[in-house]
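Coordinate analysis (summary)
Here's the letter readout for the chains.
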Amino acid sequence: ITGGIDAHLGPVDIAFLQTLREFREKAADPKDPFSSHLLGRPAGEYLHDTAPDSKLVESTFKINLPPSGGFVSSASYTIGKRENESDGSDVRPVDTDTDYQKLAADVTYTPGEKWTVNFRYRMLELDSDGPTSQSSNVPGYAYSGFGPDTPVRQSIDIDRNNYAATVSYRPSRRLTLKGDYEREDIDRSNSGNKVQFNSFAGQSNPYWDVPSSETIDRFRLSFFSRHLEKSALKLNGWYEYKHVDNPAYGSSLSSSNEFFFNVSYKPSAVWGATGSIDILRGENDDRTLTQFDKTDGSQTPFDLDRDEERENLAIGLWFIPNNIVSADFNYGMLHSKIDQDTLYGSGPDPDLPPDADYSFVDDDGDFEQRVHTLSAGINLRILENLNCRVEGYHIRSQSEFTPGSENFTGPNITDPRELKDISEVDIRQNGIKSRITWQFTRMLRAQFEYTYDDYDDQNSDVFDGSAQTFIASLGGSF
C-alpha cells in the first residue's frame, strides 16, 4: 500500500509518501531427504530453501524548487525498516531487521547559455540487527555444530556517501565538453570476523574480511559533437580515471584508466553506420592472502597483484530502402587479459622438512578471453499490421589459463601446467532467431518468437548440443 500527499506552496513543491509492503509465504517449507555431510550430519530429511515472510515500512519526504530559471534544486529524505519475520523451526532464531536512511540532493546552476554546473549528493545508511547466536534441537544440525547458543557472525552495517560535480561547456551549438568528478565514501561496521569459526585449518583468514572503510574516486572528461548538415555525423567519447584506496575484493581494481569513443554516420534516411571502441587498463596491488602453519598456527601473508586489460569493439550497418524492408549487419569483439598472481599450496606441512617449498606464488600466469560475434537481420512489413524479423548469428568464444612458472615443487600440488588443458574453452555457436508480430487492433497485439542455437566444442564434445526456444505472447494497451 502506497499513499502520498503533494502540495505547491508558491515556488516550492513538497510531497510526502508512505509505503507499507508485506510478504507472506503460505506454502510449507520444502523438506527432502539428504545424504550424510562430511562435517558429521547424518542422513535424514531436512528443511531447505525457506522463503521468509517479510515486512517493509518506508516514509519519504521530498522538496523541489521550480524546474526553470538558472537555479534549480531538489532533495528527498527516506527512512524505513525491513523485517525478516520468518518462523523457521530447524535453526533459530532467524528473525532479523534492517533500519535504513536515504538522502538525495541535487543542485543545478546555469549562469549562461554556454555553462551548466550540477552538484549531486547521495547517502545510504543500513543498520542491520540479527541474533548473536543460534541453536537447533534437530539431531542432524546439532550434530554438525549447531548446539546451544552457537555464535554467529553479525551482519555488516554500511554507511555510503556519494558526492558528484559536473561542469558542462558548450562553445558552439555542435560541440559540448563536460567534466565529472565523483567521490564515494563507504564505511562498514562488523566487517571483521570476531568469531573464530571451525575450519579445516582451525582458524579463519583475517584477509577474507572486507575493509572497514573504502574510498572510490572517479574523474571523467567527455565530449559530444555534431557535424555536417542535420547532424549526419556524431562523435562522442570520454576518458575516465578511477582509484580505489582499499578495494574490497581481489577482482576489484585499485586504479584504472578507461577510454571510450563512438561515431555514428547517417547521410540519409536510407542507410547509416555506427562504431565504438572501449579500452580499459587497470591494476590491483592491494590484495593479500594468508597461509597457516598447522604446527604453531602462525600466519604467512602473500601479496598477490592483478593487472587487467580489456578491449571492446562494435560496428553496425543498417539499410532501409523503403517502408517495407530493412536490414542490419553487426560485428562485435570482446577481448580481456588478466595477469593474476596465483598462490599454490596450503601452507607449510609439519611432515616436511622446515626448508621444504610447499606454498609458492606464480607471478606470471594469465587468463585470456576472446569473443567474436557476427549477426545479420532483415525486417519485413508483410502487411500494415503484420511484421516479421529473421536474424542469424555466429559467435566464437575462446578462453584459456596459462601458468607462467615451471617451478612446481612441493608434494600434493597438482601441476598447474595441466590447468591450461582443462581450462581451455573454444566454442562455436550458430543460431537463428525469427519473430512475427501481429497488431490485431490499436490495443491488442500478439507475438511469436522462435530461436535455435547450435553449440560446437572444438576441443571435445563436452559442450556440444543445441537448444530451441518457443515464446508466444499476447499483450494489450489501454
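Rules used in this analysis
Each residue is numbered by its place in its chain's sequence as written, counting from 1. Local features in a predicted model are, by the rule used here, given only for residues with pLDDT of at least 70; side-chain atom pairs are given and counted only at 80 or more, and totals for whole chains, interfaces and linings are based on all residues. To obtain the side-chain values, all non-hydrogen atoms of the structure were included, while hydrogens and water were left out. A run of H or I in DSSP becomes a helix once it reaches four residues, and a run of E becomes a strand once it reaches two; helices and strands are each numbered from the N terminus. Whether two residues touch is decided by their heavy atoms; if any such pair falls within 4.5 Å, the residues are in contact. Residue exposure ignores everything except the shown protein chains as possible cover, and the areas themselves are Shrake-Rupley values with a 1.4 Å probe. The pairing criterion for strands is at least two bridges between them, as found by DSSP. Any residue under 20% of the maximum accessible area for its type is buried, any over 50% is exposed, and the rest in between are partly exposed; the area is computed with a 1.4 Å probe on protein chains only. Any N or O atom pair separated by 3.5 Å or less is treated as a polar contact, with the protein-specific requirement of one donor-capable and one acceptor-capable atom, and with residues adjacent in sequence counted only for side-chain atom pairs. The salt bridge definition used is simple: a Lys or Arg side-chain nitrogen within 4 Å of an Asp or Glu carboxyl oxygen. To count toward a patch, a residue needs a relative accessible area over 30% and no salt bridge; like charges are then connected within 9 Å, while nonpolar side chains (Val, Leu, Ile, Met, Phe, Trp, Tyr) are connected within 5 Å. Centres within 6.5 Å are what make two rings of Phe, Tyr or Trp a pair, Trp counting through its six-membered ring; a difference in plane orientation under 30 degrees is then read as stacked, over 60 as edge-to-face, and the rest as tilted. Lys and Arg are tallied as positive, Asp and Glu as negative. Neither His nor the chain termini are counted. To locate a charge, take NZ of a lysine, CZ of an arginine, CG of an aspartate or CD of a glutamate. What pLDDT conveys is the predictor's confidence in a given residue, as a value from 0 to 100.

Here we take up the overall build of the protein. When helices and strands are tallied, the protein shows two helices and 27 strands. Residue pairs at least 24 apart in sequence account for 60% of intrachain contacts in the protein once pairs closer than 6 positions are excluded. Total accessible area computed for the protein in this model is approximately 29,100 Å², and 55% of it derives from carbon and sulfur atoms.

Alignment of strand E1 (residues 2–9) against strand E2 (residues 12–23), held across eight bridges, turns out to be antiparallel. Bridging from a neighbouring strand, Gly 3 pairs with Gln 18 of E2. The turn linking E1 back onto E2 is made up of two residues, and Gly 10 within it adopts a positive phi angle of 65°. Alignment of E2 against strand E5 (residues 54–64), held across 11 bridges, turns out to be antiparallel. Considered in E5, the bridge of Phe 23 is made with Ser 54.

With that settled, the discussion passes to the side chain of Asn 161. Mapping Asn 161 onto the fold places it in strand E11 (residues 157–172). A relative accessible area of 12% places Asn 161 in the buried class. Only 3.4 Å separates the side chain of Asn 161 from the side chain of Asp 159, close enough to count as a polar contact. Beyond its immediate chain neighbours, meaning those up to four positions away, Asn 161 contacts Tyr 121, Arg 122, Met 123, Arg 183, Glu 184 and Asp 185.

Quick look at the side chain of Asn 118 now. As for its placement among the helices and strands, Asn 118 is situated in strand E8 (residues 115–129). A polar side-chain atom of Asn 118 sits 3.3 Å from the main-chain carbonyl oxygen of Val 107. Leaving out residues up to four positions away in the same chain, Asn 118 has contacts with Val 107, Thr 108, Ala 164, Ala 165 and Thr 166.

Okay, the pattern of salt bridges next. Using the criterion set out here, one finds 18 salt bridges in the structure. In this structure, Asp 185 and Arg 183 form a salt bridge, with 3.4 Å as the shortest nitrogen-oxygen distance. In this structure Arg 183 comes out as partly exposed when scored by relative accessible area, which is 31%. Shared partners join several salt bridges into a network, and the residues in it are Glu 22, Arg 24 and Glu 85.

Our next topic: a nonpolar patch on the surface. A cluster of nonpolar side chains, contributed by Leu 228, Tyr 265, Val 270, Trp 271, Leu 317, Phe 319, Phe 329 and Leu 374, occupies part of the molecular surface with about 700 Å² of accessible area. Mapping Val 270 onto the fold places it in the loop between strand E15 (255–265) and strand E16 (271–284).

When you line up the elements, Thr 215 lands in strand E13 (residues 213–227). Residues Thr 215 and Pro 247, 32 residues apart in the sequence, show an inter-C-alpha distance of 8.4 Å. In this structure, Thr 215 is in contact with Arg 183, Glu 184, Asp 185, His 243, Val 244 and Asp 245, ignoring residues within four places of it in sequence.

Locating Val 210 in the fold gives a position in the loop between strand E12 (175–189) and E13. Given a relative accessible area of 15%, Val 210 falls into the buried group. Expressed as a C-alpha distance, the spacing of Val 210 and Pro 247, which sit 37 residues apart in the sequence, is 8.4 Å. In this structure Val 210 touches Ile 156, Arg 188, Ser 191, Ala 248 and Tyr 249, once residues within four positions along its chain are discounted.

Before going further, it helps to spend a moment on the packing of aromatic side chains. The relation between two aromatic rings is expressed through the spacing of the ring centres and the mutual angle of the planes. This model, assessed by the stated rule, comprises eight aromatic pairs. Judged by centre distance (4.4 Å) and plane angle (40°), the rings of Trp 438 and Phe 440 are tilted. Between Tyr 450 and Phe 470, the aromatic rings sit 5.0 Å apart at their centres with planes inclined by 45°, giving tilted as the arrangement. Remark: Phe 470 occurs in strand E27 (residues 465–476) and Tyr 450 occurs in strand E26 (residues 444–457); sequence separation between them is 20 residues.

It is worth spelling out a negative patch on the surface at this point. A cluster of acidic residues, Asp 245, Glu 283, Asp 285, Asp 286, Asp 303, Asp 305, Asp 307, Glu 309, Asp 339, Asp 363 and Asp 364, forms a negative patch on the protein surface. Tracing the backbone through its elements, the reader meets Asp 245 in the loop between strand E14 (233–244) and E15. When its relative accessible area of 38% is taken as the criterion, Asp 245 is described as partly exposed.

Once that is clear, we can look at the environment of Ala 27. With respect to the helices and strands, the residue Ala 27 is situated in the loop between E2 and strand E3 (31–34). On the accessibility criterion, Ala 27 (48% relative accessible area) is partly exposed. Once the C-alpha coordinates of Ala 27 and Ala 51 are considered, the two residues, 24 residues apart in sequence, prove to be 9.2 Å apart.

We now examine unusual backbone geometry. Its identity as a non-glycine residue notwithstanding, Asp 49 has a phi of 50°, on the positive side. For Asp 49, the location among the structural elements is in the loop between strand E4 (44–47) and E5.

Mean pLDDT over the protein works out to 86, with 87% of the residues at or above the 70 mark. Here residues 194–202 scores under 50 on pLDDT; set against residues more than four positions off or in separate chains, the count is nine contacts.

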